[in-house]
Amino acid sequence: MLKSSIRILLLFLQILWLSSAYAESPNFAKVEKIEIAPARKTLRVGEKFVYGVYWMGINVGEGTLEVRELTVVNGREAYHVVATARSNEFLSAFYKMEDVVDSYIDRQNLCSLRFEKHQREGSYKSDEIKIFDQENHRGYYESLLNKQKKEFEIPYRVHDIPSAFYYFRTLDVKPDSTIVLDVNGDEKNWKVKMNVMQTQQLEILRRGVHKVFCVEPKAPFK
């Protein structure tokens, strides 16, 4: 069985890919050159993405990513980001899934301050909290189900998986470049490479043509 946080990462990637691959029938076309605009440096409270999740062309659920509010965590202003993945009635008949992830992202540095995960996948359950003391480079894990606790070292401005996603969005990028992020998952620290690949034109059925660039995450775990 994959570790729970790895499953969340795979779920995010599947949501982002499958929602376009099946829901809107995209067609990619390479173009000579597309200028990538400078990135917005802050997150927008109230922004919400809603994705249909498809398997073999069949809708099986919905995923969301939302910047819900600004709050305070350990004296630091933080964005409260909520990610959800829920199976629909069809999939729930034989495999019900209801996952909620809360990430609290430092407003100034966009690194992770707190991470909560609440998973219900079939018979599997998980309720976990991780606190990231960025100043002292220490992380603290607690399972709310079995009361297990761990303490571990973290690198400078480490990310959880959602905060890595949002932090990457604030970076100015160029094709054929690689950005390396420190990401903590399963109480371990990983170097995750974000490969910015070619620019393309993306034609989506009934949605028109869009100029895009392709990003390929490379992680050292499965």
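Above this text sits the structure in question.
Everything quoted here is computed from the prediction, not taken from an experiment.

### Topic: unusual backbone geometry
Note: most residues except glycine have negative phi, and most peptide bonds are trans. Although it is not a glycine, H137 sits at a positive phi angle of roughly 60°. Inspection of the secondary structure assignment puts H137 in the loop between β7 (124-133) and β8 (138-143). With a phi angle near 60°, E187 is a residue other than glycine that sits in the positive phi range. Looking at the secondary structure, you find E187 in the loop between β10 (177-185) and β11 (188-204).

### Structural notes on the pattern of salt bridges
Across all of its chains, the model carries 14 salt bridges by this definition. The partner of R76 in a salt bridge is D106, and the shortest N-O contact between them spans 2.7 Å. Of this pair, R76 sits in strand β4 (residues 76-87) while D106 is found in strand β5 (residues 98-106), placing the two residues 30 residues apart along the sequence. When its relative accessible area of 32% is taken as the criterion, R76 is described as partly exposed. On the basis of relative accessible area, D106 is assigned to the buried category, the value being 2%.

### Side note on a nonpolar patch on the surface
A grouping of I58, F90, F94 and Y95 is seen on the molecular surface, where their side chains present a nonpolar patch of about 410 Å² in accessible area. Secondary-structure assignment places F94 in the loop between α2 (89-92) and β5. When its relative accessible area of 57% is taken as the criterion, F94 is described as exposed.

What counts, and at which threshold
Residues numbered from 1 in each chain as written. Predicted model: local features only at pLDDT ≥ 70, side-chain atom pairs only at ≥ 80, totals over all residues. Heavy atoms only, no water. Helix = DSSP H or I, 4+ residues; strand = E, 2+ residues; numbered from the N terminus. Salt bridge = Lys/Arg side-chain N within 4 Å of Asp/Glu carboxyl O. Buried < 20%, exposed > 50% of the residue type's maximum accessible area, 1.4 Å probe, protein only. Patch = residues over 30% accessible without salt bridge, like charges linked within 9 Å, V, L, I, M, F, W, Y side chains within 5 Å. Areas by Shrake-Rupley, 256 points an atom, 1.4 Å probe, with all protein chains shown as cover.

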